[in-house]
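Single-letter residue listing:
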There are 2 protein chains.
Amino acid sequence: MGEDIEEFFINTKPVKIVVKLDDQFTDNYASAISTEVDATYSHTVRIIQRLEEFEIVETERSGRKKELKLTEKGKELAEVFGELLSRF
Amino acid sequence: MGEDIEEFFINTKPVKIVVKLDDQFTDNYASAISTEVDATYSHTVRIIQRLEEFEIVETERSGRKKELKLTEKGKELAEVFGELLSRF
């Protein structure tokens, strides 16, 4: 039921990716995030590209890896999304 | 942009219908709601049926019409959805 109602109202992967990016216990790399939200790596990367276009996420090179950071706008959204997920 | 980002994260019609049902200036009948959210009448009715299954909406006969009411759970969701729509 919880899952059903979530999917009726929201696109769960993009919402959960934003929430996970705000979670200090998750590494902010596409690979770690994709595992956390149970999406394929390529689907996760496509979502992250859209999040960059929307100025919700910024990326920063850290060695060979790209670290993901929420912008201010992204942090505000993450807060409301977190609240929303807790209501389902 | 606002529209795009909304559709990337949420299923806009179900979310907006719940928000409109919480708006005291909108008549709580499927016909009025469908106009407000710019959905067809039949699409609106299908969404309302799901909302009843999720115990977000209750219906009450009022003469020949069915009046729609948010449940407590529905009111809570409407509040978070309203907050969310204002962030996009």
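Coordinates for the structure precede this section.
Residues numbered from 1 in each chain as written. Chains lettered and ligands numbered in written order. Predicted model: local features only at pLDDT ≥ 70, side-chain atom pairs only at ≥ 80, totals over all residues. Heavy atoms only, no water.

Digging into the overall build of chain A
Helix and strand counts for chain A stand at 5 helices and 2 strands. Going residue by residue from the N terminus, the α and β elements of chain A occur as α-α-α-α-β-β-α. Principal axes of the C-alpha set define a box for chain A whose edges measure 40 × 25 × 25 Å. Every one of the 88 residues in chain A was classed for burial, and the buried ones make up 41%. Considering only intrachain contacts with a sequence separation of at least 6, the fraction spanning at least 24 residues in chain A is 46%. When the accessible surface of chain A is totalled, it reaches about 5000 Å², and 43% of it is carbon and sulfur. The positive charge centre, built from 13 side chains, and the negative charge centre, built from 19, are 6 Å apart in chain A. (Helix = DSSP H or I, 4+ residues; strand = E, 2+ residues; numbered from the N terminus. Buried < 20%, exposed > 50% of the residue type's maximum accessible area, 1.4 Å probe, protein only. Contact = heavy atoms within 4.5 Å. Areas by Shrake-Rupley, 256 points an atom, 1.4 Å probe, with all protein chains shown as cover. Lys, Arg positive; Asp, Glu negative; His and termini not counted. Charge placed at Lys NZ, Arg CZ, Asp CG, Glu CD.)

Side note on the pairing of strand β1 (residues 57-62) of chain A
All names here are of chain A. Sheet topology note: the β1/strand β2 (residues 65-70) ladder contains 6 bridges and is antiparallel. When the bridges of β2 are listed, R61 appears paired with K66. Two successive antiparallel strands, β1 and β2, enclose a turn made up of 2 residues, where G63 displays a positive phi of approximately 70°. (Pairing = 2+ DSSP bridges.)

Some words on unusual backbone geometry
Unlike most non-glycine residues, D38 of chain A shows phi in positive territory, near 60°. Relative to the assigned elements, D38 of chain A resides in the loop between α3 (30-37) and α4 (41-53). Positive phi is not limited to glycine here, since E55 of chain B has a value of about 60°. Locating E55 of chain B in the fold gives a position in the loop between α4 (41-53) and β1 (57-62).

Structural notes on the interface of chain A and chain B
Taken residue by residue, the interface counts 26 residues in chain A and 26 residues in chain B. Both sides of the chain A and chain B interface together cover about 2300 Å² of buried area, and 76% of this is carbon and sulfur. For chain A, the biggest contributors to the area lost against chain B are F8, F9 and F54 of chain A; these three give 31% of the whole. Connecting chain A to chain B are 2 salt bridges. (Buried area = accessible area lost by both parts, 1.4 Å probe. Salt bridge = Lys/Arg side-chain N within 4 Å of Asp/Glu carboxyl O.)

Notes on the packing of helix α2 (residues 12-21) of chain B against α4 of chain B
All names here are of chain B. Packing of α2 against α4 leaves a shortest axis separation of 10 Å and a crossing angle of 75°. Considering their axes alone, α2 and α4 lie roughly perpendicular with respect to each other. Across the interface between the two elements, K13, P14, I17 and V18 of α2 pack against H43, T44, I47 and L51 of α4. When its residues are assigned to classes, the contact of α2 with α4 shows 5 nonpolar, 2 polar and 1 charged. (Axes fitted to C-alpha atoms, helices over the stretch in contact; angles between N-to-C directions. Parallel < 35°, antiparallel > 145°, perpendicular 65-115°, else oblique. Nonpolar A, V, L, I, M, F, W, Y, C, P; charged D, E, K, R; others polar.)

Things to note about the relation of the copies chain A and chain B
In summary, the two copies of the chain are related to each other by a rotation about an axis coupled with a shift along it. Between chain A and chain B, the superposition needs a rotation of 180° and an axial shift of 0.0 Å, giving an RMSD of 0.0 Å. A rotation of that kind, with that shift, is consistent with a two-fold axis. Ranked by how close their C-alpha atoms come to the rotation axis, the residues of chain A are headed by I10 of chain A, at 2.0 Å. By residue overlap, the copies meet face to face through one surface: 100% of the interface positions of chain A are interface positions in chain B. (Least-squares fit on C-alpha atoms with pLDDT ≥ 70 in both.)

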